[in-house]
Amino acid sequence: MPVNIEKYQSIISELNPNKVQLIAVSKTKPNEDIIELYNLGHRAFGENYVQELVDKAASLPKDIHWHFIGHLQSNKVKYIAPFVHLIHGVDSEKLLQEINKQAIKQNRVIDCLLQVHIATEETKFGFDAEDIQELIQSGRLAQYANIRIKGLMGMASFSDDPSLLTKEFMSLKQIFDQAATHLGNPFTILSMGMSSDYALAIRLGSNMVRIGSLLFGARNYSK
Ligand SMILES: *Cc1c(COP(=O)(O)O)cnc(C)c1O
């Protein structure tokens, strides 16, 4: 399935006036698809499998900004720590500790988003709302000197009920606004919205959307 260039251009022209950044989610898709968008000037790509990301980063242009958007296991942080641009799914203090440790080894600061669990489904990862508020207000984040917390990420329920999605996005935006008053300057990114719900997410305050299937077509996991 070819990359949908027209869709890409229409999404970009929709996002630019609102200052929303597009992360093109290329998981399971071949390098040629990434290069097609790269040749149009796109640099921000999202992956959620460590091995796949490491392979792609090794073989594709070095000025790509790789966003890790999946669930990250602590024992795999070391593989992406040398080059990852932004880790979206940080969902435990154990993971914060490990990212900090690997960032120190690489002599760099790694940008991260804390993931908040906003969906009704049990399966989605993330801190609960109360836990994240406690973590942010506790001041404990300051001990991770090689991590810069740039904002929050969340995934709404797998649902087409706009009132449910609205409720979930609004609660994330509210947590984000509160956290921003505590954390100040670098805390500016609210990553919410995917192919099916990004327009609603933007209306409710998102400034970073992660879009895969609208650009690259449906994913085939059977291969
Ligand atoms: C796969 C994925 C996306 C993109 O999903 P689409 O519905 O294809 O746009 C966004 N965010 C995360 C965390 C993902 O894993």
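Residues numbered from 1 in each chain as written. Predicted model: local features only at pLDDT ≥ 70, side-chain atom pairs only at ≥ 80, totals over all residues. Heavy atoms only, no water.

Q: What should I look at first to understand the site of the ligand in this one?
A: Around the ligand there are 13 residues in total, and K27, S195, G212, S213 and R219 lie nearest to it. A distance of 2.8 Å is found between an oxygen atom of the ligand and a backbone nitrogen or oxygen belonging to S213. In this structure, R219 approaches the ligand through a side-chain N or O atom, which is 2.8 Å from an oxygen atom. Burial of the ligand by the protein amounts to 92% of the accessible area it has alone, namely 390 Å². (Near = heavy atom within 4 Å. Polar contact = N/O pair within 3.5 Å; in protein donor to acceptor, adjacent residues only side chain to side chain. Areas by Shrake-Rupley, 256 points an atom, 1.4 Å probe, with all protein chains shown as cover.)

Q: I'm lost on the side chain of Q102 in this one. Help?
A: Locating Q102 in the fold gives a position in helix α5 (residues 93–105). Beyond its immediate chain neighbours, meaning those up to four positions away, Q102 contacts V77, K78 and A81. (Helix = DSSP H or I, 4+ residues; strand = E, 2+ residues; numbered from the N terminus. Contact = heavy atoms within 4.5 Å.)

Q: Could you clarify how one ought to interpret empty space enclosed by the protein in this entry?
A: Using a probe with the size of a water molecule, rolled over the atoms, empty space left in the structure can be pinpointed. Tallied over the full model, the rule gives one cavity of 30 Å³ or more. Volume-wise, the largest cavity comes out at about 40 Å³. Contributing to the lining of the largest cavity are Q133, I136, Q137, I175, Q178, A179 and H182. For the lining of the largest cavity, the elements supplying multiple residues, two or more each, are α6 (129–138) and α7 (162–183). At four residues, the largest contribution of residues to the lining of the largest cavity is made by α7. Taken together, the residues of the lining of the largest cavity break down into three nonpolar, four polar and no charged. (1 Å grid on protein atoms, 1.4 Å probe; cavity = no way out; pocket = protein on both sides within 12 Å on 5 of 7 lines; lining within 4 Å. Points joined across faces, edges and corners; volume = space filled by probe spheres on them. Nonpolar A, V, L, I, M, F, W, Y, C, P; charged D, E, K, R; others polar.)

Q: Quick question: what am I supposed to make of the pattern of salt bridges here?
A: Should the charged atoms of two oppositely charged side chains come close, the side chains can pair. Applying the stated rule across the entire model yields eight salt bridges. With a shortest N-O distance of 2.9 Å, E47 and K56 are connected by a salt bridge. K56 sits in the buried class, given a relative accessible area of 6%. In this structure, the salt-bridge partner of R140 is E134, at a minimum N-O distance of 2.9 Å. Residue class for R140 comes out partly exposed when judged on its relative accessible area of 26%. The structure contains a network of salt bridges with shared partners spanning E47, E52 and K56. (Salt bridge = Lys/Arg side-chain N within 4 Å of Asp/Glu carboxyl O. Buried < 20%, exposed > 50% of the residue type's maximum accessible area, 1.4 Å probe, protein only.)

Q: Sorry if this is basic, but what is going on with helix α1 (residues 5–15) here?
A: Within α1, burial applies to Y8, I11 and L15. Buried residues of α1, viewed axially, fall in a sector of 70°; they line one side. Each element contacted by the buried residues of α1 is listed here: β1 (21–25), α2 (31–38), α8 (198–203), β8 (208–211) and α9 (213–216). (Arc of directions from axis to C-beta.)

Q: Can you walk me through the layout of surface pockets in this structure?
A: In this model, the largest pocket occupies a volume close to 650 Å³. Along the walls of the largest pocket sit 25 residues, with K27, K124, M155, M194 and R210 positioned nearest its centre. Each residue belonging to the lining of the largest pocket can be placed in one class, and the counts come to nine nonpolar, eleven polar and five charged.

Q: Looking at this structure, how should I read the environment of G205?
A: Assignment of secondary structure puts G205 in the loop between α8 and β8. Between the alpha carbons of G205 and Q174 there is a distance of 9.5 Å; along the sequence they are 31 residues apart. Discounting chain neighbours no more than four positions away, the residues touching G205 are K173, L190 and M192.

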